[in-house]
Amino acid sequence: RIRGYNAATGEELWQCGGLTVNAIPSPVVHDGVALCMTGRRGNALVAVPLSARGDVTDTDQLAWTYDRGTPYVPSPLLYEGLVYFLAGNSAILTCLNAADGEVVLDRQRLPDLKNVYASPVAADGRVYLTSREGVCLVIKAGAPFEVLATNDLEEPIDASPALVGKRIYLRGGEHLYCIAEQE
């Protein structure tokens, strides 16, 4: 179950069942709706309005739901009104309209990536996806699917990339990388 609480009082406002076991991905919030998902031993995404009250499991209080290709470890990325997520820990990407769950990219296989624990990040119209094998794939945000660059750092990467200003930091198994334009 997921639950929403009043931060000032601790009072439970709403709860929702239907997720799978071992929920790891962090929720994201778009226009007052929490997008919560799990992908171990099943697939579940529920879009719960923060204004919901009571047990909203399988009710019309849910904004929308989705039941394919949800992540086990990586958290989703919310960027420019779209939510991006990976199937399980694999290199299969889905992108939905965060407002209504409409499919933008449907389980798109990501070339040169295999296993993914790192959460995707985005900046300047680009989405960055990093694999456990050390490959960072850069794709154009939105549709159609377009690969902009593939970078192999040749060491394992499990940590999510960090974006700071015009730099991207990647923590590998042995090194910390900073990638930026030369000034």
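Refer to the structure printed above.
Calculation rules
- Residues numbered from 1 in each chain as written.
- Predicted model: local features only at pLDDT ≥ 70, side-chain atom pairs only at ≥ 80, totals over all residues.
- Heavy atoms only, no water.
- Helix = DSSP H or I, 4+ residues; strand = E, 2+ residues; numbered from the N terminus.
- Buried < 20%, exposed > 50% of the residue type's maximum accessible area, 1.4 Å probe, protein only.
- Pairing = 2+ DSSP bridges.
- Core = buried A, V, L, I, M, F, W, Y, C linked by side-chain atoms within 4.5 Å.
- Contact = heavy atoms within 4.5 Å.
- 1 Å grid on protein atoms, 1.4 Å probe; cavity = no way out; pocket = protein on both sides within 12 Å on 5 of 7 lines; lining within 4 Å.
- Points joined across faces, edges and corners; volume = space filled by probe spheres on them.

So what about unusual backbone geometry? Which residues, and what values?
Most peptide bonds adopt trans geometry, and most residues besides glycine take a negative phi value. Note that the residue after alanine 143, namely proline 144, is joined by a cis bond; omega there is 0°. Residue placement: proline 144 occurs in the loop between strand 14 (135–140) and strand 15 (147–152). Positive phi, close to 55°, is recorded for aspartate 58, a residue that is not glycine. Relative to the elements of secondary structure, aspartate 58 occurs in the loop between strand 6 (54–55) and strand 7 (64–66). For aspartate 58, a relative accessible area of 74% corresponds to the exposed category.

Any chance you could break down the sheet that holds strand 2 (residues 12–16) for me, citing the residues and the numbers?
What the three strands build is an open sheet, ordered 1-2-6; its pairing is mixed. Looking at strand neighbours, the two that pair on one side only are strand 1 (2–5) and strand 6, the edges of this open sheet. Two strands pair when backbone bridges link them, and strand 1 and strand 2 are joined in this way by four bridges, in the antiparallel orientation. The residue bridging isoleucine 2 from the neighbouring strand is cysteine 16, located in strand 2.

I'd like a description of the nonpolar core, backed by residues and values.
Ranked by size, the top nonpolar core spans 19 residues in total, and within it Tyr84, Leu93, Leu110, Leu113, Val127 and Leu129 carry the most contacts. Looking at this core, the elements that each hand over two or more residues are strand 8 (77–79), strand 9 (82–86), strand 10 (92–97), strand 13 (126–130) and strand 14. When neighbours within four sequence positions are excluded, valine 127 is seen to be in contact with Leu77, Tyr84, Pro120, Val121, Ala122, Leu137, Val138, Ile139 and Ala141. One finds Leu13, Leu19, Ala34 and Ala52 within the second-largest nonpolar core, a separate group that totals 13 residues.

Outline the layout of surface pockets, supporting the account with residue identities and numerical values.
Roughly 590 Å³ of internal volume is contained in the largest pocket. Around the largest pocket, the lining is made up of 20 residues, and of these Tyr128, Lys166, Arg167, Ile179 and Glu181 lie nearest the centre. If you list the elements that add at least two residues to the lining of the largest pocket, you get strand 13, strand 14, strand 15, strand 17 (167–171) and strand 18 (176–180). The element that contributes the greatest number of residues to the lining of the largest pocket is strand 17, accounting for three residues.

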